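This is what each chain is made of:
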Amino acid sequence: MDNLTHNIRVLQKAFPNRFLCPMVKANAYGHGDVKLALHLEKLGIQQLGVCLIEEGLLLRKSGVNVEILVFRGFDEVGAKAIIDNNMTAVVSTWEQIEALEKVANKKVSVHVKFDTGMNRLGFRVEEAQKVFDRLNGHAKIEVKALCTHLYIGENAQEMDQTSAHQLQKLNKISEVFKSMNVFCHALNSSGILNLMEMEKKGSQDKSHPLYMQNWGLRPGLMIYGYSSLGHPDVAGLKPVMNLKSVVNNFRQVKAGETVSYGAKWTAQRDSVIAVISIGYGDGYHRLLSNKSSVLFDGKSVPVVGTVCMDYLMVDVTDVVQGRALETFKNTEVVLFGADQKGHVLSADELAHKAHTISYEMLTSVGERVPRVYVGKETP
Ligand SMILES: Cc1ncc(COP(=O)(O)O)c(C=O)c1O
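Each chain has its residues counted from 1, following the order in which its sequence is written. Side-chain atom pairs in this predicted model are given and counted only at pLDDT of 80 or more, local residue features only at pLDDT of at least 70, and totals for whole chains, interfaces and linings cover all residues. With hydrogens and water excluded, all non-hydrogen atoms of the structure serve as input to the side-chain values.

Points about the nonpolar core
We apply this condition: In plain words, nonpolar cores are sets of buried Ala, Val, Leu, Ile, Met, Phe, Trp, Tyr and Cys residues tied together by side-chain atoms within 4.5 Å. Working definition: with a 1.4 Å probe on protein chains only, accessible area under 20% of the residue-type maximum means buried, over 50% means exposed, and in between means partly exposed. Secondary structure follows DSSP: runs of H or I at least 4 residues long count as helices, runs of E at least 2 residues long count as strands, and numbering of each begins at the N terminus. In this document the domain limits rely on a domain assignment from an automatic tool or a database.
Grouped together as the largest cluster of nonpolar side chains are 119 residues, with contacts concentrated most on L146, F177, F296, L312 and F336. Among the elements that line this core, the one with the most residues is helix α9 (residues 189–200), at five residues. Three or more residues apiece are contributed to this core by two domains, here domain 1 (2–224) and domain 2 (243–364). Among the nonpolar cores identified, the runner-up in size contains nine residues, and V259, W265, A267 and V275 belong to it.

Quick look at the structure:
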């Protein structure tokens, strides 16, 4: 919780008066959305982003009072749920406008999404005038903001790359909507970190698309302590989640014997194998079989053999070095994150080995893994 607080304070300090909407979709990137949303509310966050209506409903039922933006589409039933629960729809299609019109019994505020190049969600750029005409002076729908989503946010510092073009497009669209007094949000973690890097360099080039407007911020990954830019972040972010497990039992394996399904690992010497209580059923990717390592008593030890649904095995021969295994019974095992002595195994490093990204490592952590919250819950 302290690290989450730290990451949010970094953003609040760097961008004191901006729209700041942390994304807590996908169970807050695996961290536990209810607990984190309530904490973010205490930190003064005024809006949160979810994907599903159901995610928003869970937050509302759990006592989250701040504005909740729902990014996924909806039908009439969904529109009613959004309105009844005082959430804000991010509107991406004509059908969604119609659904809201049909069920709204009071004036509802919406954000309107434009597709500036990702080709996933949102009205097309050419439709801007038509959308404006449809919603201008509308009896039931009030447009509060416009938004888009960067699809290669990593390049946001470049003048002539996709992100710059996307921001320029949204800027143009906002001129069409000028009389509605809207603001725009567009920056994900990559966009934000690029902006912070530019500021650190002292660049204040007002013609740069990142500075065209006070773009609203929708940070996801970075609030959980990881950089999406692939190099050390300027912000000094602190990873929020440590994924830990325990030793289930130790096996003495003779040279030549194999470990786990498919016999994909053969002991080259007499070995001590620790069976760890976590597997792909908990979100530890099977792709990491024979590839990754874990922190065992602060030391990096290799995962050997195939990762099972409920277990994985590690070779701890060099760590135990003939000592009584009993002394290692309660040894802390870290799959990623930091151990109690401050040794770190980054989710980024693990993601790289699994040919994926830290986003997937975090969101994969399964439902049956208990989330234990430590640190100050009240800032
Ligand atoms: C619409 C939208 N905004 C913001 C984000 C946050 O992105 P990131 O986690 O890269 O900051 C996402 C995540 O995918 C998203 O879908």
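Topic: the site of the ligand
To be explicit about the condition: Residues are classed as near a molecule or strand on a simple rule: at least one heavy atom within 4 Å of it. N or O atoms within 3.5 Å of each other form a polar contact, as long as, within protein, one can give a hydrogen and the other can take it, and as long as residues adjacent in sequence are counted only when both atoms are side-chain atoms. Note that Gly is not counted as nonpolar here; it falls among the polar residues with everything else outside the nonpolar set of Ala, Val, Leu, Ile, Met, Phe, Trp, Tyr, Cys and Pro and the charged set of Asp, Glu, Lys and Arg.
Every one of the 14 residues lining the ligand counts as a neighbour, but K25, Y29, S189, L221 and Y359 are closest to it. L221 is positioned such that a nitrogen or oxygen atom in its backbone is 2.8 Å from an oxygen atom of the ligand. For the ligand, an oxygen atom lies 2.6 Å from a polar atom in the side chain of Y359. Taken together, the residues that form the shell around the ligand break down as six nonpolar, four polar and four charged.

Some details on the pairing of strand β7 (residues 183–187)
Inclusion rule: One bridge is not enough; two strands pair if DSSP finds at least two bridges between them. By definition, the crossover connecting two strands over a helix is right-handed if that path, from the first strand to the second, turns clockwise as seen with the strands pointing away from the viewer.
Counting buried positions over the five residues of β7 gives four, a clear majority of the element. The pairing of strand β6 (residues 141–147) with β7 spans three bridges and is parallel. Residue pairing in the sheet places L146 in a bridge with C184 of β7. Bridge count for β7 against strand β8 (residues 216–217) is two bridges, and the pairing is parallel. The residue of β8 that forms the bridge with H185 is G216. With α9 bridging β7 and the parallel β8, this β-α-β connection has right-handed handedness.

Focus on a nonpolar patch on the surface
Note the cut-off: Within this analysis, patches are made of residues with over 30% relative accessible area and no salt bridge. Like charges are joined at 9 Å or less; nonpolar side chains (Val, Leu, Ile, Met, Phe, Trp, Tyr) at 5 Å or less. In these tables, accessible area is a Shrake-Rupley quantity obtained with a 1.4 Å probe, and a residue counts as shielded only by the protein chains included in the view. What counts as a salt bridge is simple: a side-chain nitrogen of Lys or Arg found within 4 Å of a carboxyl oxygen of Asp or Glu.
A cluster of nonpolar side chains, contributed by M118, Y151 and I152, occupies part of the molecular surface with about 230 Å² of accessible area. Take Y151: it is sitting in the loop between β6 and α8 (162–176).

Structural notes on the sheet that holds strand β14 (residues 312–315)
Just so we agree on the cut-off: Between N-to-C directions, angles span 0 to 180 degrees; the directions come from axes that are lines fitted to C-alpha atoms, helices contributing only their stretch in contact.
Spatially, three strands are ordered β10-β11-β14 in an open sheet, and the strand pairing comes out antiparallel. Edge positions in the sheet fall to β10 (247–253) and β14, since each of these pairs with one other strand and no more. In this sheet, neighbouring strand axes are inclined to one another by 30 degrees on average, regardless of whether the strands run parallel or antiparallel. As paired strands, strand β11 (residues 271–276) and β14 are joined by four bridges and run antiparallel to one another.

A closer look at the pattern of salt bridges
Going through the model one piece at a time under the given rule, you end up with 13 salt bridges. Measuring nitrogen to oxygen at the nearest pair gives 3.0 Å for the salt bridge that ties R124 to E126. We classify R124 as partly exposed; its relative accessible area is 45%.

Topic: the packing of aromatic side chains
Applicable threshold: Aromatic contacts are taken between Phe, Tyr and Trp rings whose centres are within 6.5 Å, Trp giving its six-membered ring; a plane angle under 30 degrees counts as stacked, one over 60 as edge-to-face, and the others as tilted.
Counted under the stated rule, the structure contains nine aromatic pairs. Here Y29 and Y359 contribute two aromatic rings whose centre-to-centre distance is 6.1 Å and whose plane-to-plane angle is 40 degrees, an arrangement assigned as tilted. Note that Y29 is positioned in helix α2 (residues 25–29) and Y359 in helix α12 (residues 358–364), a separation of 330 residues in sequence. When its relative accessible area of 29% is taken as the criterion, Y359 is described as partly exposed. Taken together, a centroid distance of 6.0 Å and an interplanar angle of 50 degrees make the contact between F114 and F123 tilted.

A few points about helix α4 (residues 53–61)
Listing the buried residues of α4 in full gives I53, E55, G56, L57, L59 and R60. After α4 finishes, the residue G63 shows a positive phi value of roughly 95 degrees.

Topic: the packing of helix α6 (residues 94–103) against helix α7 (residues 128–135)
Applicable threshold: With respect to orientation, any angle under 35 degrees is reported as roughly parallel, any angle over 145 as roughly antiparallel, any angle of 65 to 115 as roughly perpendicular, and every other angle as oblique. Contacts between residues were defined by any pair of non-hydrogen atoms, one from each residue, lying within 4.5 Å.
The geometry of α6 relative to α7 is characterised by a closest axis approach of 12 Å and an angle of 5 degrees between their N-to-C directions. The orientation of α6 with respect to α7, classified from their angle, is roughly parallel. For the pair formed by α6 and α7, the contact residues are W94, I97, E98 and E101 on the first element and K130, V131, R134 and L135 on the second. The residue makeup of the contact of α6 with α7, split by class, is four nonpolar, no polar and four charged.

Some thoughts on the side chain of K113
Note the cut-off: Charge convention: Lys and Arg are scored as positive, Asp and Glu as negative, and His as well as the terminal groups of each chain are ignored.
Relative to the assigned elements, K113 resides in strand β4 (residues 108–115). An unpaired buried charge is present at K113: no salt bridge exists, and D115, the closest side chain of opposite charge, is 8.5 Å distant. Those residues within four positions of K113 in sequence are excluded, and the remaining contacts are F71, V90, V91, S92, R120, L121, G122, F123, C147 and H149.

Spatial relationships are all this shows, so hold off on functional conclusions.
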